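So the chains spell out like this:
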Amino acid sequence: MLRSGVIAPKGGAHLSAFQQSQRHKIVAAIEHKRAAGMTAVEAVTDYVRDAAFTTLNRFVALKMLEARELVQECITR
């Protein structure tokens, strides 16, 4: 998928079965946003923002667990 909202009809042959499955889920999430009334560009931008926010939250959660010494240091270094 491109920031312009263009999504190829199918994934490339280089993708594994797992990657194809993940691609299908991403495309479905973007199509759901489009069905809710977003443009293609808005849907892709919103998905990328959501994914980045989720990733950041996971890093913060791990950092908080490190600070409480509930997990081994894995983010700090």
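None of these values were measured; they are calculated from a predicted model. (Residues numbered from 1 in each chain as written. Predicted model: local features only at pLDDT ≥ 70, side-chain atom pairs only at ≥ 80, totals over all residues. Heavy atoms only, no water.)

Description of the side chain of Lys-33
- Examined against the element boundaries, Lys-33 turns out to sit in helix α1 (residues 17–35).
- Looking at Lys-33, its side chain comes within polar contact range of the side chain of Asp-46, at 2.6 Å.
- Not counting residues up to four positions away in its chain, the partners in contact with Lys-33 are Met-38, Ala-43, Asp-46, Tyr-47 and Asp-50. (Helix = DSSP H or I, 4+ residues; strand = E, 2+ residues; numbered from the N terminus. Polar contact = N/O pair within 3.5 Å; in protein donor to acceptor, adjacent residues only side chain to side chain. Contact = heavy atoms within 4.5 Å.)

Some points on a nonpolar patch on the surface
- A cluster of nonpolar side chains, contributed by Phe-59, Leu-62, Leu-65, Leu-70 and Val-71, occupies part of the molecular surface with about 410 Å² of accessible area.
- With respect to the secondary-structure elements, Phe-59 resides in helix α2 (residues 40–67).
- On the basis of relative accessibility, which here comes to 44%, the residue Phe-59 falls in the partly exposed class. (Patch = residues over 30% accessible without salt bridge, like charges linked within 9 Å, V, L, I, M, F, W, Y side chains within 5 Å. Areas by Shrake-Rupley, 256 points an atom, 1.4 Å probe, with all protein chains shown as cover. Salt bridge = Lys/Arg side-chain N within 4 Å of Asp/Glu carboxyl O. Buried < 20%, exposed > 50% of the residue type's maximum accessible area, 1.4 Å probe, protein only.)

Regarding the environment of Phe-53
- Residue position: Phe-53 is located in helix α2.
- Sequence separation between Phe-53 and Arg-34 is 19 residues; the distance between their C-alpha atoms is 20 Å.

Some details on α1
- Look at α1: 27 Å from first C-alpha to last across 19 residues, which is about the 27 Å you get at 1.5 Å a residue.
- Buried within α1 we find Arg-23, Val-27, Ile-30 and Lys-33. When α1 is viewed along its axis, its buried side chains cluster within an angular range of 115 degrees and face the same direction. In α1, those exposed residues whose orientation departs by more than 90 degrees from the buried face are Ala-17, Phe-18, His-24, Lys-25, His-32 and Ala-35.
- Among the structural elements, α2 are those in contact with the buried residues of α1.
- A positive phi of about 115 degrees marks Gly-37, the residue just after α1. (Expected span 1.5 Å × (residues − 1). Arc of directions from axis to C-beta.)

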